[in-house]
Amino acid sequence: MRALVISGGGSKGAFAGGVAQYLIQERGYTYDLFVGTSTGSLLIPHLALNKVDKIKEAFTSVNEHSIFSIRPFRIKKNKLGGKQIVIDHFAVLRNFFRGSKTFGESKSLRRLIEDTFTKEEFEELISIGKDVVVTVSNISSNQVEYKSVKDFKYEDFLDWIWISCNYIPFMSLVKKDGFEYADGGLGSMVPIEEAINRGAKIVDVIVLETEVTNYNRLPSKNVFSLLTSMHEYMLDRVEKQNIKIGKFAASHNDAIINLYYTPTVLTTNSLVFDKKMMIRWWESGFQYAHSKNLELSELKIDES
């Protein structure tokens, strides 16, 4: 069994889409199992249906308005010409007055998921028998849970995809089945072990970070930027731990892991969605996967 695993990473998911496109369309890999976290969960139902062009168009066209029903931040350019996030005090206060437990709400994303992944496509996915699994964090029980398309009806599975992407406290905290749920990346950023536990013997893993941390964040400007930096730090630790555990599981189950990291730092603000930037990342993901596979082919020839 061959599996494709895609990590979380917000707007950087465009890079993962490009890598996946190369593996599916150019290498001709057929996957029986797809496992995703956060942004990876948005991609994998469409990849399982081989609807690469559709998800490319949809994903690279997303912006903050497509995601946030209440956006808790504004985006402005810094002195170096880059983009940085600053808190939108009015939006946050309004959300708190509404009784929300989070700074912002992402109900627009739930509607977008339903618009792009139709009930007919859901039924088609069920009929072809491929397993699509999304990762969620159960905050109430302090557990990571994996939700398979085979186990739920259409509306419920859409909820799990949405929940997998809800990066709290900036997005919605969702109560479902009596529990509070949030972004799967809080517990399993790179769910390699789950793919192996489900029987995968070859696992292609797209990690939306560089293999070695090679940047320093700018000093925090306010409590909002401090909170985002703190979250990124914790998720980076979770990611590295997930990869170590995945490699350990592979070594004990005769499984092979192929890791695809981003070759450079794409962004330090993965909540910023810019169409031109994401189209460029998609293409760079495709080209990177191509060059990586060429290197592997040349290495095998040299060894022989």
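Predicted model, so just to flag it, every value in this text is computed and none were measured.

Time to look at the packing of helix α1 (residues 13-26) against helix α2 (residues 39-48). Two numbers describe a pair of packed helices, the interaxial angle and the distance between the axes. Across the interface, α1 lies against α2 with an axial gap of 10 Å and an inter-helix angle of 30°. In this view, α1 runs roughly parallel relative to α2, as classed from their interaxial angle. For the pair α1 and α2, the sense of crossing is right-handed. Within the contact between the two elements, α1 uses Gly13, Ala16, Gly17, Ala20 and Ile24 and α2 uses Thr39, Leu43 and Leu47. Residues of the contact of α1 with α2, tallied by class, amount to five nonpolar, three polar and no charged.

It is possible for side chains of opposite charge to pair when their charged atoms get near one another. Counted under the stated rule, the structure contains 18 salt bridges. For Arg110, the salt bridge goes to Glu114, with nearest N and O atoms at 3.3 Å. Of this pair, Arg110 and Glu114 both sit in helix α6 (residues 107-116), four residues apart, roughly one helical turn. Taking the relative accessible area as the measure of exposure, Arg110 reaches 11% and is therefore buried.

Next up on the list: the environment of Gly104. Structurally, Gly104 can be placed in the loop between α5 (89-97) and α6. The spatial distance from the C-alpha of Gly104 to the C-alpha of Ile70 is 5.1 Å, given a sequence separation of 34 residues. Gly104 has contacts with Ile70, Pro72, Asn95, Pro169, Phe170, Met171 and Ser172, leaving out every residue within four places of it along the chain.

Looking at the element boundaries, Glu193 is found in helix α9 (residues 192-197). Judged by relative accessible area, which is 37%, Glu193 ranks as partly exposed. Along the backbone, Glu193 and Val35 are 158 residues apart, and their C-alpha atoms lie at a distance of 10 Å. For Glu193, the contacting residues outside a window of four places in its chain are Ile245, Gly246 and Ala249.

This part covers the packing of aromatic side chains. Scanning the model with the defined rule gives 15 aromatic pairs in all. Taking 6.4 Å as the distance between ring centres and 85° as the angle between the ring planes, the aromatic pair formed by Tyr29 and Tyr31 counts as edge-to-face. Tyr29 sits in the buried class, given a relative accessible area of 19%. Ring geometry for Phe117 and Phe122: centres 6.5 Å apart, planes at 75°, overall edge-to-face. With a relative accessible area of 1%, Phe117 lands in the buried category. For Phe122, a relative accessible area of 7% translates into the label buried.

With that settled, the discussion passes to empty space enclosed by the protein. Rolled over the atoms, a probe sized like a water molecule indicates the empty space that remains. On inspection of all chains with the given rule, the structure shows two cavities of 30 Å³ or more. Put simply, the largest cavity is a space of about 470 Å³. Taken together, 32 residues line the largest cavity, and the ones lying closest to its centre are Gly10, Thr39, Leu42, Cys165 and Phe273. Taken together, the elements giving at least two residues each to the lining of the largest cavity come down to α2, α3 (52-60), α6 and α10 (223-251).

Turning our eyes to something else, we now look at the nonpolar core. Looking at soluble globular proteins, one finds that nonpolar side chains tend to be buried together. Within the largest apolar cluster, 89 residues are counted, with the highest numbers of intra-cluster contacts made by Leu4 and Leu47. No other element matches the eight residues that α1 contributes to this core. Not counting residues up to four positions away in its chain, the partners in contact with Leu4 are Ala20, Leu23, Tyr31, Leu33, Phe34, Val35, Leu47, Asp204 and Ile206.

Turning our eyes to something else, we now look at the packing of α1 against α3. It is at 11 Å that the axes of α1 and α3 come closest, and there the two elements cross at 170°. Compared by their axis directions, α1 and α3 come out roughly antiparallel. When α1 is examined against α3, the residues Gly13, Ala14, Gln21 and Gln25 are found in contact with a partner set consisting of Val52, Asp53 and Phe59.

Before going further, it helps to examine the side chain of Asp236. Within the secondary structure layout, Asp236 lies in helix α10. Side chain to side chain, Asp236 and Lys240 meet in a polar contact 3.0 Å long.

Cut-off values and rules
Residues numbered from 1 in each chain as written. Predicted model: local features only at pLDDT ≥ 70, side-chain atom pairs only at ≥ 80, totals over all residues. Heavy atoms only, no water. Axes fitted to C-alpha atoms, helices over the stretch in contact; angles between N-to-C directions. Helix = DSSP H or I, 4+ residues; strand = E, 2+ residues; numbered from the N terminus. Parallel < 35°, antiparallel > 145°, perpendicular 65-115°, else oblique. Left-handed = near helix turned anticlockwise from the far one by under 90°. Contact = heavy atoms within 4.5 Å. Nonpolar A, V, L, I, M, F, W, Y, C, P; charged D, E, K, R; others polar. Salt bridge = Lys/Arg side-chain N within 4 Å of Asp/Glu carboxyl O. Buried < 20%, exposed > 50% of the residue type's maximum accessible area, 1.4 Å probe, protein only. Phe/Tyr/Trp six-rings, centres within 6.5 Å; stacked < 30°, edge-to-face > 60°. 1 Å grid on protein atoms, 1.4 Å probe; cavity = no way out; pocket = protein on both sides within 12 Å on 5 of 7 lines; lining within 4 Å. Points joined across faces, edges and corners; volume = space filled by probe spheres on them. Core = buried A, V, L, I, M, F, W, Y, C linked by side-chain atoms within 4.5 Å. Polar contact = N/O pair within 3.5 Å; in protein donor to acceptor, adjacent residues only side chain to side chain.

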